[in-house]
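Understanding the architecture of this molecule
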Number of protein chains: 2
Amino acid sequence: MTMEKKRKVLETQLPSVVPSVKISRRRMLGGAAALGLVLVQDSFGKIIQEAQPLFDVPKDPTKRLGVPPGILGTRSPYEQPGKLPSLTSSRTPLQDLFGTITPADLHFERNHGGVPAIDPTNYELVIHGMVEKAMRFTLHDLKRFPSFTRTCFIECSGNFRSGNTNLSPQEICGLTSQSEWTGVMLSTLFREVGADSKATWFLAEGNDAAVMTRSIPMAKAYEDAMLVYAQNGEALRPEQGYPVRLLLPGWEGNTQVKWIRRIEIADQPFMTREETSKYTENIAGGKIRQFSFLMDARSIITFPSYPLQIEKGWVEIRGIAWTGRGKITQVEVSTDEGRNWKQAVLQEPVLSKAHTAFRLLWYWDGRQTIIKSRAIDETGYYQPSYQELVTARESKGGYHFNPITAWEVKKDGTIWLVNDR
Amino acid sequence: MTMEKKRKVLETQLPSVVPSVKISRRRMLGGAAALGLVLVQDSFGKIIQEAQPLFDVPKDPTKRLGVPPGILGTRSPYEQPGKLPSLTSSRTPLQDLFGTITPADLHFERNHGGVPAIDPTNYELVIHGMVEKAMRFTLHDLKRFPSFTRTCFIECSGNFRSGNTNLSPQEICGLTSQSEWTGVMLSTLFREVGADSKATWFLAEGNDAAVMTRSIPMAKAYEDAMLVYAQNGEALRPEQGYPVRLLLPGWEGNTQVKWIRRIEIADQPFMTREETSKYTENIAGGKIRQFSFLMDARSIITFPSYPLQIEKGWVEIRGIAWTGRGKITQVEVSTDEGRNWKQAVLQEPVLSKAHTAFRLLWYWDGRQTIIKSRAIDETGYYQPSYQELVTARESKGGYHFNPITAWEVKKDGTIWLVNDR
């Protein structure tokens, strides 16, 4: 069974499906074939939806005129990547992706009151508080200011799952995605309203049902904060904050308030719900850390990873690394359970606060082993091991939990998560 | 009427539409409202489909729970960009885009026999001819080779339209798009098959109904040619050659054979239909140029452009520039009919053979004028004027026609194409 056939498919819209391939490590549940899906179970009993599309493909495509050009392109019926949705989030299928851009419809979500329906012609952003002149901006106004484009990741600070060996990269840390963002620098607007030089914090407030609010230091506004209205070349998607969201490159996702409607400038933090009862985390000594904005360096091998199965011989180990502190400078990969580490190749251009693709060619001799990667950033920060984090936090999880991900490669070529190794 | 409301919408899937805004320069044709469209005519009689969505938007979105996370994200009903399709091509809506990435479903198409339906599990690429060992590669095989990711544009060599003042950037030169591509370097495969060092050309053959074929110099294979299977983070789209296409950064689109199934290595070009009767062009002296692979430097102001209308005051002129010769080094913009030229700001990072966003802040005093841009690349090449090209080619069009685009700004703020100025 090839890795293509093992690709997990979460949503399909296929004309017909015939379950024609062998399913290893899985048991067919059937019953959904009419929907274009074949339900299968892995050896843990976890239900996986898998599709084997067999639409009307000619034996020789050169003998039949193809589909004419259209208004919008579509995915191949054989390629149907999907996010893993829960009540409040959906996760990017990192193991199905290539390069560094996340397609906009596969960008992870973390909502606190769902995605609001907003008419852009009624959109307004108010900036007030410690300013010379409080002002309202329409979307049209914001687009008239000098624009700026940058590529960076957004990651949820709760981006960690563990507890089983049958977890994919999407399940472990699919709450990170990357886009090319376009908008206006927040500093431009702060000059427009005449922000007080004695101001130290501002409040960002969303127009969703949660009225999401966070306090942000003014220094970030003058460093690289943006109000963005475009993503990967087109208008921002509703799930990412349409029509306008705050972008704080390298900081935890929840601070980058979506559907932003109000900014209040002040000389102290606002102590909102999302920085007191939520988005704080345990550290050693029974203390709790507040305003932990920065996302630390992290990496994950996305190929090979669960639920794939590899063959003996040359394998290109591939993954992504990222850090909120600037640029990734090195990714080290071990293929012998952590005894030796080799430098992976980083894909150029390496951008600041951005997903960076890495790869290392490895000859797998068929013996059981553990492979893992660790990211190092321009500040010299080393991605910690799971045990180091457990010790430092006195906890096996929580926000800002960015351990090395270790994959066990069994003799049969199957791959399994082993956190604590 | 704001520019947002003037956005041309080509396909909408809206729950309901109420034609509620004034339409300037246009005449409503009606009749399509039930389909979610309002048909309007511009002053030339050209039919434009325009949508004014009014779906169920609450007055205060904070008072209603939003939409929960999903498997795939969607566009806002207010943002429905579309390509302009013809029988053999579809054009990217450059005036609706931001930054440098083209969303995959908005990438231009130019097909010769439509988009073939290909089952990736049956996919094979044959490399033969002047090689030590002819070989077949499945998609799985290609993905096992060392991978490489780069961002570059693809442009059709026939990317020019003219003749009227009511043409948008999409209509003038929408046959260029940009993606982040991932695949295997062609040189890697040529080493695998043992390509003969005396070989000088190779044939690339597509698996479409046209069996598209082009001869490519071997030097390009060793410079930067790739076989790509991924685009903007996900599998290549069918319209762009799924499962595998040839990528020749900076070269004319038709040579970058899609749905590639065969490569034959030889010591002379194959003189196919697409390099004799097609894809050759007139030059001065009644001669015809063959194998004109390289795309010369070009730029276009995408904002402001037809059919937008601007207001007096500060306007950020925005556009894209690109060249097949390497990096764009400068874009010069004139706002006074070509008497003076100013340096536009280039968006970093400037990549080789890539769309490069530029911008220049301009105060429009309300007087009629002409604005235009010209690209300069790292070889010192200057984008020519329309008249210079007409003289050099003894023709008002044809392949590789890359003139400066000039926009007339009328006193009422409307923008019109004026090629010959």
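Residues numbered from 1 in each chain as written. Chains lettered and ligands numbered in written order. Predicted model: local features only at pLDDT ≥ 70, side-chain atom pairs only at ≥ 80, totals over all residues. Heavy atoms only, no water.

**Some remarks on the overall build of chain A**
Stated precisely, the cut-off is as follows: Runs of H or I in DSSP of at least four residues are treated as helices and runs of E of at least two as strands, each being numbered from the N terminus. Partly exposed describes any residue whose relative accessible area lies between the buried limit of under 20% and the exposed limit of over 50%, with all areas from a 1.4 Å probe on protein chains only and scaled to the type maximum. In what follows, residue pairs with any heavy atoms lying within 4.5 Å of each other are defined as contacts. Residue-level accessible areas treat just the shown protein chains as cover; the underlying method is Shrake-Rupley with a 1.4 Å probe.
In terms of helices and strands, chain A carries six helices and 27 strands. Here chain A holds 421 residues, and 64% of them are scored as buried. Of the contacts made within chain A by residues no fewer than 6 positions apart, 68% connect residues no fewer than 24 positions apart. Counting only carbon and sulfur atoms, one obtains 51% of the accessible surface of chain A, whose full area is about 15,600 Å².

**Describing the pairing of strand E16 (residues 260-266) of chain B**
Operational definition: When DSSP finds two or more bridges between two strands, those strands count as paired.
Pairing geometry for strand E7 (residues 125-129) of chain B and E16(B), over four bridges, is parallel. When the sheet's bridge partners are listed, B:His128 is paired in E16(B) with B:Glu264.

**Remarks on the sheet that holds strand E19 (residues 298-303) of chain A**
What holds strands together in a sheet is hydrogen bonding between their backbones, with the strands either parallel or antiparallel. Residues and elements named next belong to chain A. Read from one edge to the other, the open sheet built from four strands follows the order E19-E20-E24-E23, with strand pairing classed as antiparallel. Here the strands that pair on one side only, and so sit at the sheet edges, are E19 and strand E23 (345-346). Here E23 runs beside strand E24 (residues 356-364); their pairing, made up of two bridges, is antiparallel. The residue bridging Val345 from the neighbouring strand is Arg359, located in E24.

**Quick look at the interface of chain B and chain A**
To be explicit about the condition: Simply put, the buried area is the total loss of 1.4 Å probe accessible area from both parts when two parts are fitted together. Think of a salt bridge as a Lys or Arg side-chain nitrogen and an Asp or Glu carboxyl oxygen that are within 4 Å of each other. Residues were grouped as follows: Ala, Val, Leu, Ile, Met, Phe, Trp, Tyr, Cys and Pro as nonpolar; Asp, Glu, Lys and Arg as charged; and all remaining residues, including Gly, as polar.
With 95 residues of chain B at the contact, the number on the chain A side is 95 residues. Taken together, the two surfaces of chain B and chain A that pack against each other cover about 7,700 Å², and 56% of this comes from carbon and sulfur. Summed over the three residues of chain B that lose the most area to chain A, namely B:Pro69, B:Ile71 and B:Phe98, the buried surface amounts to 10% of that side. Viewed at the interface, chain A and chain B are joined by four salt bridges. The shortest N-O distance in the salt bridge between B:Arg75 and A:Glu234 comes to 2.5 Å. A breakdown of the residues in the side of chain B that touches chain A according to their chemical character gives 41 nonpolar, 26 polar and 28 charged.

**Some words on the confidence of the model for chain A**
The line we're drawing: Known as pLDDT, the predictor's confidence for each residue is given on a scale from 0 to 100.
Residues at a pLDDT of 70 or more form 86% of chain A, whose mean pLDDT is 88. When the criterion is pLDDT under 50, residues 1-38 of chain A qualifies, and its contacts beyond four places in sequence or with other chains add up to 108 contacts.

**Topic: the sheet that holds strand E20 (residues 313-322) of chain B**
As summarised here, the arrangement of the four strands in space is E19-E20-E24-E23 (chain B), forming an open sheet in which the pairing is antiparallel. Among the strands making up the open sheet, the edge pair consists of strand E19 (298-303) and strand E23 (345-346) of chain B.

**Focus: the pairing of strand E26 (residues 406-409) of chain A**
All names here are of chain A. Side chains of E26 alternate between two faces, with Ala406 and Glu408 and Trp407 and Val409 buried alike. Two strands pair when backbone bridges link them, and strand E25 (residues 369-377) and E26 are joined in this way by four bridges, in the antiparallel orientation. Paired with Ile371 across the bridge in E26 is Trp407. Note that E26 and strand E27 (residues 415-417) share three bridges and pair antiparallel. Note that in E27 the partner of Trp407 across the bridge is Leu417. Counting the residues that bridge the hairpin from E26 to E27 gives five residues, and of these Gly413 lies at a positive phi of roughly 85°.

**Details of the packing of aromatic side chains**
Note the cut-off: We call Phe, Tyr and Trp rings a pair once their centres come within 6.5 Å, taking the six-membered ring for Trp, and we label the pair stacked below 30 degrees between planes, edge-to-face above 60, and tilted otherwise. Charge over a ring is defined by NZ of Lys or CZ of Arg lying within 6 Å of the ring centre and within 35 degrees of the ring normal.
Summed over the entire model, instances satisfying the criterion amount to 29 aromatic pairs over all chains. Ring centres of B:Phe190 and B:Phe202 lie 5.5 Å apart, and the angle between their planes is 85°; this geometry places the pair in the edge-to-face category. Here B:Phe190, found in helix H4 (residues 186-193), pairs with B:Phe202, found in strand E11 (residues 201-206); they are 12 residues apart in sequence, far enough to count as distant. Taken together, A:Trp201, A:Trp251, A:Phe291 and A:Phe293 form an aromatic cluster joined through their ring pairs. Against the face of A:Phe303 rests A:Arg318, its NZ or CZ located 5.5 Å from the ring centre. A:Arg374 extends its terminal NZ or CZ atom over the ring of A:Trp341, reaching a point 3.9 Å from the ring centre.

**Some thoughts on helix H6 (residues 386-393) of chain B**
Counting along an α-helix, one turn takes 3.6 residues, and residues three or four places apart therefore face a common direction. Residue and element names in this part refer to chain B. Stated formally: Comment: arc refers to directions from the helix axis out to C-beta atoms.
Listing the buried residues of H6 in full gives Tyr386, Leu389, Val390 and Arg393. For H6, the angular spread of buried residues about the axis comes to 100°, placing them on one side. Looking at the buried positions of H6, the neighbouring elements they touch are strand E17 (281-283) and strand E18 (287-289). Phi turns positive, to about 50°, at Glu394, one or two residues after H6.

**Here we look at the side chain of A:Glu205**
All names here are of chain A. Using the following cut-off: Any N or O atom pair separated by 3.5 Å or less is treated as a polar contact, with the protein-specific requirement of one donor-capable and one acceptor-capable atom, and with residues adjacent in sequence counted only for side-chain atom pairs.
Relative to the helices and strands, Glu205 is located in strand E11 (residues 201-206). According to the relative accessible area criterion, Glu205 is buried, its value standing at 8%. A polar contact of 2.8 Å, which involves the side chain of Glu205, links it to the side chain of Arg261. Once residues within four sequence positions are removed from consideration, Glu205 is found in contact with Val211, Met212, Thr213, Val257, Trp259, Ile260, Arg261 and Arg262.

**A short note on the relation of the copies chain B and chain A**
Both copies of the chain are tied together by a single rotation about an axis and a shift running along it. For the record, the criterion: Here the copies are superposed with least squares, the fitted atoms being C-alpha atoms of residues at a pLDDT of at least 70 in both.
Rotating chain B by 180° about the axis while translating it 0.0 Å along that axis superimposes it on chain A, leaving an RMSD of 0.0 Å. Such values leave the two copies arranged in the relation of a two-fold axis. Taking C-alpha positions as the reference, the residue of chain B nearest the rotation axis is B:Pro103, at 3.9 Å. Mapped onto chain A, 100% of the interface residues of chain B are again interface residues, and the two copies thus contact each other with one and the same surface.

**Some remarks on unusual backbone geometry**
B:Pro243 follows B:Tyr242 through a cis peptide bond whose omega is 5°. With respect to the element layout, B:Pro243 can be found in the loop between strand E14 (234-235) and strand E15 (245-247). The backbone phi angle of A:Glu394 is positive, close to 50°, even though this residue is not glycine. As for its position among the elements, A:Glu394 is in the loop between helix H6 (386-393) and E26. On the basis of relative accessibility, which here comes to 53%, the residue A:Glu394 falls in the exposed class. The phi dihedral of A:His400 falls on the positive side, at around 55°, and the residue is not glycine. With respect to the secondary-structure elements, A:His400 resides in the loop between H6 and E26.

**Some thoughts on a nonpolar patch on the surface**
All names here are of chain A. Our working definition: Within the patch definition used here, like charges are joined within 9 Å and nonpolar side chains (Val, Leu, Ile, Met, Phe, Trp, Tyr) within 5 Å, considering only residues with over 30% relative accessible area and no salt bridge.
A cluster of nonpolar residues, Trp314, Leu361 and Tyr363, forms a patch on the protein surface that exposes about 340 Å² of accessible area. As for its position among the elements, Leu361 is in strand E24. Judged by relative accessible area, which is 41%, Leu361 ranks as partly exposed.

**Description of the side chain of B:Ser334**
Residue and element names in this part refer to chain B. Take Ser334: it is sitting in strand E21 (residues 328-334). Among the polar contacts made by the side chain of Ser334, one reaches the side chain of Asp336 at a distance of 2.9 Å. Among the polar contacts listed, one links the side chain of Ser334 to the backbone oxygen of Asn340, at a separation of 2.9 Å. For Ser334, the contacting residues outside a window of four places in its chain are Arg339, Asn340, Trp341, Ile370, Ile371 and Lys372.

**Things to note about the pattern of salt bridges**
All names here are of chain B. The final tally for this structure, using the stated rule, is 56 salt bridges over all chains. The partner of Arg318 in a salt bridge is Glu316, with the nearest N and O atoms 2.5 Å apart. Take Arg318: its relative accessible area is 15%, and that puts it in the buried class.

**Remarks on the environment of B:Asn159**
Residues and elements named next belong to chain B. By the secondary structure assignment, Asn159 is in the loop between strand E9 (148-155) and helix H3 (169-173). Residue classification places Asn159 among the buried positions, given a relative accessible area of 1%. Along the primary structure Asn159 and Thr176 are separated by 17 residues, whereas in three dimensions their C-alpha atoms are 7.4 Å apart. Setting aside anything within four residues of it in sequence, one finds Asn159 in contact with Arg91, Ile172, Cys173, Gly174, Leu175, Thr176, Arg298 and Phe401.

**Notes on the environment of A:Tyr386**
Looking at where A:Tyr386 falls in the secondary structure, it is placed in helix H6. For A:Tyr386, a relative accessible area of 9% gives the class buried.

**A word on the environment of A:Leu308**
Residue position: A:Leu308 is located in the loop between E19 and strand E20 (313-322). Separated by 105 residues in the primary sequence, A:Leu308 and A:Gly413 place their C-alpha atoms 8.2 Å from one another.

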